[in-house]
Amino acid sequence: MITIEGLSFSYPDGTMALEGINLAIAEGAATGIVGANGAGKSTLVNHLNGYYLAEEGTISINGVRISQKNLDRIHQLVGLVFQNPDDQLFTARLYDDIAFGPENLGVPKEEIARRVETVLRELNLWELRNKAPSHLSQGEKRFAAFATVLVMQPEVIVMDEPTSDLDPKNRRKLINLVNHLQKTTITVSHDLDFIWDTCQRVCIMNRGRIVAEGPAKEMLSNRELLESNNLELPLRLQGE
Ligand SMILES: Nc1ncnc2c1ncn2[C@@H]1O[C@H](COP(=O)(O)OP(=O)(O)O)[C@@H](O)[C@H]1O
Ligand SMILES: [Mg+2]
(Lines give C-alpha, C1' and ligand atoms only; values in the text may rest on other atoms or scores of the structure.)
(Ligands and ions follow the chains in the order given, each with its own letter.)
Protein backbone atom coordinates (compact mmCIF):
# COMPACT_ATOMS: atom_id res chain seq x y z
CA MET A 1 0.00 0.00 0.00
CA ILE A 2 1.32 3.42 -1.00
CA THR A 3 -0.13 6.53 0.60
CA ILE A 4 0.68 10.04 -0.52
CA GLU A 5 -0.79 12.86 1.54
CA GLY A 6 -0.58 16.57 0.82
CA LEU A 7 2.63 16.25 -1.21
CA SER A 8 3.94 19.54 -2.60
CA PHE A 9 7.33 20.24 -4.15
CA SER A 10 9.04 23.15 -5.85
CA TYR A 11 12.44 23.24 -7.54
CA PRO A 12 15.18 25.59 -6.36
CA ASP A 13 14.38 27.97 -9.24
CA GLY A 14 10.89 28.39 -7.79
CA THR A 15 8.99 26.14 -10.24
CA MET A 16 6.03 24.70 -8.31
CA ALA A 17 6.09 21.13 -9.71
CA LEU A 18 3.68 19.37 -7.33
CA GLU A 19 0.76 20.87 -5.45
CA GLY A 20 -1.21 19.01 -2.81
CA ILE A 21 -0.98 15.48 -4.23
CA ASN A 22 -3.14 12.89 -2.45
CA LEU A 23 -3.12 9.32 -3.69
CA ALA A 24 -3.63 5.83 -2.30
CA ILE A 25 -2.40 2.83 -4.26
CA ALA A 26 -3.42 -0.66 -3.19
CA GLU A 27 -0.84 -3.40 -2.82
CA GLY A 28 -0.46 -5.35 -6.06
CA ALA A 29 -2.23 -2.71 -8.16
CA ALA A 30 -0.85 -1.51 -11.51
CA THR A 31 -1.32 2.25 -11.79
CA GLY A 32 -0.59 4.46 -14.80
CA ILE A 33 0.26 8.14 -14.47
CA VAL A 34 -0.43 10.21 -17.56
CA GLY A 35 -0.26 13.90 -18.34
CA ALA A 36 1.20 16.36 -20.82
CA ASN A 37 4.87 17.36 -20.78
CA GLY A 38 5.72 19.27 -17.63
CA ALA A 39 2.65 18.04 -15.71
CA GLY A 40 4.85 16.83 -12.86
CA LYS A 41 4.86 13.07 -13.50
CA SER A 42 8.61 12.55 -13.19
CA THR A 43 8.81 14.83 -10.17
CA LEU A 44 6.09 12.76 -8.50
CA VAL A 45 7.57 9.32 -9.19
CA ASN A 46 11.06 10.48 -8.24
CA HIS A 47 9.63 10.99 -4.75
CA LEU A 48 8.53 7.37 -4.45
CA ASN A 49 11.99 5.97 -3.74
CA GLY A 50 13.29 9.02 -1.92
CA TYR A 51 15.26 10.39 -4.88
CA TYR A 52 13.46 13.63 -4.04
CA LEU A 53 12.29 14.16 -0.47
CA ALA A 54 8.86 15.67 0.23
CA GLU A 55 8.99 19.37 0.97
CA GLU A 56 5.49 19.31 2.33
CA GLY A 57 3.32 16.26 2.97
CA THR A 58 4.13 12.59 3.50
CA ILE A 59 4.62 9.38 1.55
CA SER A 60 4.40 5.91 3.08
CA ILE A 61 5.34 2.68 1.34
CA ASN A 62 3.86 -0.43 2.97
CA GLY A 63 3.76 1.41 6.28
CA VAL A 64 7.28 2.88 6.04
CA ARG A 65 7.26 6.67 5.92
CA ILE A 66 9.92 7.99 3.54
CA SER A 67 12.53 10.15 5.24
CA GLN A 68 16.25 10.82 5.04
CA LYS A 69 16.79 8.30 7.85
CA ASN A 70 15.25 5.24 6.19
CA LEU A 71 16.38 5.63 2.59
CA ASP A 72 18.15 2.24 2.62
CA ARG A 73 14.91 0.55 3.58
CA ILE A 74 13.00 2.53 0.94
CA HIS A 75 15.51 1.58 -1.77
CA GLN A 76 14.89 -2.05 -0.93
CA LEU A 77 11.12 -1.60 -1.10
CA VAL A 78 10.90 0.55 -4.22
CA GLY A 79 12.80 0.12 -7.49
CA LEU A 80 12.77 3.02 -9.93
CA VAL A 81 13.47 2.44 -13.61
CA PHE A 82 14.66 5.84 -14.83
CA GLN A 83 13.48 7.33 -18.09
CA ASN A 84 17.04 7.24 -19.44
CA PRO A 85 18.75 3.80 -19.05
CA ASP A 86 22.16 5.52 -19.16
CA ASP A 87 21.37 6.94 -15.70
CA GLN A 88 21.06 3.39 -14.39
CA LEU A 89 24.07 1.69 -16.02
CA PHE A 90 27.49 2.97 -15.10
CA THR A 91 30.01 0.13 -14.79
CA ALA A 92 32.13 -1.30 -17.64
CA ARG A 93 30.38 -4.69 -17.68
CA LEU A 94 26.66 -5.47 -17.75
CA TYR A 95 27.06 -8.20 -15.12
CA ASP A 96 28.65 -5.76 -12.66
CA ASP A 97 25.85 -3.25 -13.11
CA ILE A 98 23.28 -5.88 -12.17
CA ALA A 99 25.33 -7.13 -9.19
CA PHE A 100 25.98 -3.60 -7.89
CA GLY A 101 22.72 -3.06 -6.00
CA PRO A 102 22.65 -6.38 -4.12
CA GLU A 103 26.38 -5.99 -3.30
CA ASN A 104 25.61 -2.63 -1.74
CA LEU A 105 22.92 -4.24 0.40
CA GLY A 106 25.39 -6.85 1.62
CA VAL A 107 23.57 -9.80 0.04
CA PRO A 108 25.79 -12.93 0.32
CA LYS A 109 27.99 -13.63 -2.74
CA GLU A 110 26.40 -16.91 -3.83
CA GLU A 111 22.96 -15.39 -3.50
CA ILE A 112 24.03 -12.45 -5.68
CA ALA A 113 25.41 -14.79 -8.35
CA ARG A 114 22.16 -16.74 -8.34
CA ARG A 115 19.95 -13.65 -8.52
CA VAL A 116 21.98 -11.97 -11.26
CA GLU A 117 22.00 -15.06 -13.46
CA THR A 118 18.26 -15.63 -12.99
CA VAL A 119 17.36 -12.05 -13.88
CA LEU A 120 19.73 -11.86 -16.87
CA ARG A 121 18.40 -15.16 -18.24
CA GLU A 122 14.77 -14.06 -17.75
CA LEU A 123 15.42 -10.92 -19.75
CA ASN A 124 17.45 -12.70 -22.47
CA LEU A 125 20.57 -10.75 -21.49
CA TRP A 126 22.72 -13.58 -20.14
CA GLU A 127 24.74 -13.91 -23.37
CA LEU A 128 25.52 -10.18 -23.14
CA ARG A 129 26.73 -10.25 -19.53
CA ASN A 130 30.35 -9.39 -20.35
CA LYS A 131 29.52 -6.53 -22.70
CA ALA A 132 29.94 -2.89 -21.81
CA PRO A 133 26.47 -1.42 -21.19
CA SER A 134 27.44 1.52 -23.41
CA HIS A 135 27.71 -0.92 -26.33
CA LEU A 136 24.22 -2.34 -25.91
CA SER A 137 21.37 -1.40 -28.21
CA GLN A 138 18.74 1.00 -26.88
CA GLY A 139 16.30 -1.90 -26.32
CA GLU A 140 18.94 -4.02 -24.57
CA LYS A 141 19.79 -1.05 -22.34
CA ARG A 142 16.14 -0.64 -21.40
CA PHE A 143 15.90 -4.29 -20.30
CA ALA A 144 19.28 -4.01 -18.55
CA ALA A 145 17.93 -1.05 -16.57
CA PHE A 146 14.95 -3.23 -15.61
CA ALA A 147 17.36 -5.97 -14.54
CA THR A 148 19.15 -3.63 -12.10
CA VAL A 149 15.76 -3.06 -10.45
CA LEU A 150 14.40 -6.64 -10.57
CA VAL A 151 17.57 -8.11 -9.02
CA MET A 152 16.82 -6.05 -5.87
CA GLN A 153 13.50 -7.89 -5.52
CA PRO A 154 11.58 -4.72 -4.59
CA GLU A 155 7.93 -4.82 -3.58
CA VAL A 156 7.11 -1.80 -5.73
CA ILE A 157 8.40 -1.05 -9.24
CA VAL A 158 8.16 2.46 -10.67
CA MET A 159 8.84 3.10 -14.37
CA ASP A 160 9.25 6.48 -16.04
CA GLU A 161 8.49 6.37 -19.80
CA PRO A 162 9.59 2.74 -20.16
CA THR A 163 8.62 2.39 -23.83
CA SER A 164 10.37 5.47 -25.17
CA ASP A 165 12.64 4.26 -28.00
CA LEU A 166 11.53 0.60 -27.95
CA ASP A 167 10.70 -1.02 -31.28
CA PRO A 168 7.31 -2.79 -31.56
CA LYS A 169 8.74 -6.22 -30.72
CA ASN A 170 10.58 -5.01 -27.61
CA ARG A 171 7.54 -2.96 -26.62
CA ARG A 172 5.45 -6.17 -26.78
CA LYS A 173 8.14 -7.96 -24.73
CA LEU A 174 7.98 -5.21 -22.10
CA ILE A 175 4.18 -5.46 -21.91
CA ASN A 176 4.57 -9.18 -21.19
CA LEU A 177 7.27 -8.56 -18.61
CA VAL A 178 5.24 -5.90 -16.78
CA ASN A 179 2.07 -8.01 -16.85
CA HIS A 180 3.90 -10.92 -15.23
CA LEU A 181 5.63 -8.94 -12.47
CA GLN A 182 3.05 -9.64 -9.74
CA LYS A 183 4.17 -6.55 -7.85
CA THR A 184 2.76 -3.12 -7.18
CA THR A 185 3.66 -1.07 -10.24
CA ILE A 186 3.47 2.60 -11.13
CA THR A 187 4.04 3.52 -14.75
CA VAL A 188 4.48 6.98 -16.21
CA SER A 189 3.96 6.98 -19.96
CA HIS A 190 2.93 9.01 -22.97
CA ASP A 191 2.16 5.71 -24.62
CA LEU A 192 -1.48 5.43 -23.56
CA ASP A 193 -1.81 2.11 -25.38
CA PHE A 194 0.96 0.72 -23.16
CA ILE A 195 -0.90 2.02 -20.10
CA TRP A 196 -4.10 0.41 -21.45
CA ASP A 197 -2.30 -2.94 -21.79
CA THR A 198 -0.56 -2.91 -18.39
CA CYS A 199 -2.55 -0.86 -15.85
CA GLN A 200 -5.83 -1.23 -13.96
CA ARG A 201 -5.93 2.29 -12.58
CA VAL A 202 -4.99 5.62 -14.13
CA CYS A 203 -4.21 9.04 -12.64
CA ILE A 204 -4.28 12.09 -14.88
CA MET A 205 -1.93 14.91 -13.92
CA ASN A 206 -2.07 18.53 -14.99
CA ARG A 207 0.08 21.37 -13.70
CA GLY A 208 1.34 19.58 -10.63
CA ARG A 209 -2.02 18.17 -9.54
CA ILE A 210 -3.87 14.91 -9.92
CA VAL A 211 -7.06 15.98 -11.69
CA ALA A 212 -8.69 12.56 -12.19
CA GLU A 213 -8.17 9.00 -10.94
CA GLY A 214 -10.12 5.88 -11.79
CA PRO A 215 -10.33 2.57 -13.68
CA ALA A 216 -7.81 2.62 -16.57
CA LYS A 217 -10.13 1.82 -19.45
CA GLU A 218 -12.74 4.30 -18.24
CA MET A 219 -10.17 7.12 -17.93
CA LEU A 220 -8.42 6.28 -21.20
CA SER A 221 -11.58 6.15 -23.30
CA ASN A 222 -12.90 9.50 -22.01
CA ARG A 223 -11.99 11.74 -24.94
CA GLU A 224 -13.26 14.92 -23.31
CA LEU A 225 -11.33 14.31 -20.09
CA LEU A 226 -8.14 13.48 -22.00
CA GLU A 227 -8.40 16.44 -24.36
CA SER A 228 -9.07 18.89 -21.53
CA ASN A 229 -5.72 17.72 -20.13
CA ASN A 230 -3.84 18.02 -23.43
CA LEU A 231 -3.87 14.27 -24.07
CA GLU A 232 -5.24 12.17 -26.91
CA LEU A 233 -7.13 8.89 -26.98
CA PRO A 234 -4.98 5.74 -27.14
CA LEU A 235 -4.22 4.90 -30.81
CA ARG A 236 -6.40 1.79 -30.62
CA LEU A 237 -9.44 3.99 -29.90
CA GLN A 238 -8.70 6.65 -32.50
CA GLY A 239 -10.87 6.56 -35.59
CA GLU A 240 -13.71 4.83 -33.75
N1 LIG B 1 15.51 20.27 -12.18
C2 LIG B 1 14.50 21.12 -12.38
N3 LIG B 1 14.61 22.43 -12.06
C4 LIG B 1 13.60 23.29 -12.25
N5 LIG B 1 12.39 22.95 -12.75
C6 LIG B 1 12.23 21.66 -13.09
C7 LIG B 1 13.26 20.67 -12.94
N8 LIG B 1 12.79 19.48 -13.37
C9 LIG B 1 11.53 19.71 -13.77
N10 LIG B 1 11.17 21.01 -13.61
C11 LIG B 1 9.86 21.64 -13.89
O12 LIG B 1 8.88 21.00 -13.10
C13 LIG B 1 7.67 20.80 -13.84
C14 LIG B 1 7.34 19.32 -13.85
O15 LIG B 1 8.35 18.63 -14.57
P16 LIG B 1 8.36 17.04 -14.71
O17 LIG B 1 8.06 16.43 -13.40
O18 LIG B 1 9.65 16.68 -15.36
O19 LIG B 1 7.14 16.84 -15.72
P20 LIG B 1 6.74 15.57 -16.62
O21 LIG B 1 7.56 14.41 -16.18
O22 LIG B 1 5.28 15.40 -16.39
O23 LIG B 1 7.02 15.97 -18.04
C24 LIG B 1 7.92 21.40 -15.21
O25 LIG B 1 7.38 22.70 -15.22
C26 LIG B 1 9.43 21.46 -15.34
O27 LIG B 1 9.84 22.53 -16.13
MG1 LIG C 1 8.95 13.16 -17.21
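Here the structure is shown first, and the text comes after it.
So, here's what we can say about the structure. Remember, predicted model here, so these are calculated numbers, not experimental data.

**Focus on the sheet that holds strand β4 (residues 56–61)**
Here is step 1 of the chain: Read from one edge to the other, the open sheet built from four strands follows the order β2-β1-β4-β5, with strand pairing classed as antiparallel. Every other strand in the sheet has two partners, leaving β2 (16–25) and β5 (64–65) as the edge strands with one partner each.

**Notes on the site of ligand 1**
Here is step 1 of the chain: Every residue close to ligand 1 is listed here: Tyr11, Asp13, Thr15, Ala17, Gly35, Asn37, Gly38, Ala39, Gly40, Lys41, Ser42 and Thr43.
Here is step 2 of the chain: Counting residues per element, the shell around ligand 1 draws most heavily on helix α1 (residues 41–45), which supplies three residues.
Here is step 3 of the chain: Across the shell around ligand 1, the residue classes tally to three nonpolar, seven polar and two charged.

**Examining the packing of helix α3 (residues 94–105) against helix α4 (residues 109–122)**
Here is step 1 of the chain: Running from N to C, α3 and α4 cross one another at 130 degrees; their axes reach a closest spacing of 10 Å. On the basis of the axis angle, α3 is oblique to α4. When the axes of α3 and α4 are compared, the crossing they make is right-handed. On α4, the residues touching Tyr95, Ile98, Ala99, Pro102 and Glu103 of α3 are Ile112, Arg115, Val116, Val119 and Leu120.

**Points about the environment of Val116**
Here is step 1 of the chain: Locating Val116 in the fold gives a position in helix α4.
Here is step 2 of the chain: The residues contacting Val116, other than those within four sequence positions of it, are Tyr95, Ile98, Ala99 and Val151.

**Regarding α4**
Here is step 1 of the chain: Compared with an ideal rise of 1.5 Å per residue, which puts 14 residues at 20 Å, α4 spans 20 Å between its outermost C-alpha atoms and is within 8% of the ideal.
Here is step 2 of the chain: Of all the positions in α4, only Val116, Val119 and Leu120 are classed as buried. All buried residues of α4 fall inside an arc of 95 degrees around its axis, so they share one side. Facing away from the buried surface of α4 by more than 90 degrees, the exposed residues are Glu110, Glu111, Arg114 and Arg121.
Here is step 3 of the chain: One or two positions beyond α4, positive phi appears at Asn124, with a value near 60 degrees.

**Section: the pairing of strand β9 (residues 201–206)**
Here is step 1 of the chain: Taken across its six residues, β9 has five buried, putting it largely inside the fold.
Here is step 2 of the chain: As judged from the four bridges shared by strand β3 (residues 30–34) and β9, these two strands associate in the parallel manner. Within the sheet, the bridge partner assigned to Gly32 lies in β9 and is Val202.
Here is step 3 of the chain: Across six bridges, the pairing between β9 and strand β10 (residues 209–215) is antiparallel.

**A few points about the sheet that holds strand β6 (residues 78–81)**
Here is step 1 of the chain: Pairing is mixed in the open sheet, where six strands are placed in the order β6-β7-β8-β3-β9-β10. If you trace the sheet from one side to the other, it starts and ends with β6 and β10, each paired once. Within this sheet the neighbouring strands show an average axis-to-axis angle of 15 degrees, counted without direction.

**Quick notes on the nonpolar core**
One broad rule of soluble globular proteins: the nonpolar side chains tend to lie buried together.
Here is step 1 of the chain: In terms of nonpolar packing, the biggest core is built from 65 residues, with Val81, Ile98, Ala147, Val158, Ile195 and Val202 touching the most fellow members.
Here is step 2 of the chain: Per-element accounting of this core gives the leading share, seven residues, to helix α5 (residues 138–150).
Here is step 3 of the chain: Filtering out sequence-adjacent residues up to four positions away, Ile195 remains in contact with Gly32, Val34, Thr187, Ser189, Val202, Ala216 and Leu220.

Conventions adopted
- Here, residues in each chain are numbered from 1, in the same order as that chain's written sequence.
- Each chain is given a letter, starting from A, and each ligand a number, starting from 1, according to the order in which they appear as written.
- In keeping with the predicted nature of the model, local features appear solely for residues at pLDDT of at least 70, side-chain atom pairs appear and are counted solely at 80 or more, and the whole-chain, interface and lining totals rest on all residues.
- At least two DSSP bridges between two strands are needed for those strands to be called paired.
- Think of it this way: any DSSP run of H or I at least four residues long counts as a helix, any run of E at least two long counts as a strand, and we number them from the N terminus.
- Nearness rests on one distance test: the residue's C-beta atom, set from the backbone, must lie within 6 Å of the molecule or strand.
- The residue classification treats Ala, Val, Leu, Ile, Met, Phe, Trp, Tyr, Cys and Pro as nonpolar and Asp, Glu, Lys and Arg as charged. All others, Gly included, are polar.
- For helices, the fitted axis covers only the stretch in contact; all axes are lines through C-alpha atoms, and the angles between them, taken along N-to-C directions, range from 0 to 180 degrees.
- By the definition adopted for this analysis, an angle is roughly parallel if under 35 degrees, roughly antiparallel if over 145, roughly perpendicular if from 65 to 115, and oblique otherwise.
- By definition, turning the near helix anticlockwise from the far helix through less than a right angle yields a left-handed crossing, and turning it clockwise yields a right-handed one.
- Each residue gets a C-beta atom placed from its backbone, and two residues are in contact if those atoms lie within 7 Å.
- How far a helix is expected to stretch is found by multiplying one less than its residue total by 1.5 Å.
- Any residue surrounded by 20 or more other C-beta atoms within 10 Å of its C-beta is treated as buried, while 12 or fewer makes it exposed and the intermediate range makes it partly exposed; C-beta atoms here are placed from the backbone.
- Here the arc refers to the directions that run from the helix axis out to each C-beta atom.
- As used throughout, a nonpolar core is a set of buried Ala, Val, Leu, Ile, Met, Phe, Trp, Tyr and Cys residues joined through C-beta atoms within 7 Å of each other.

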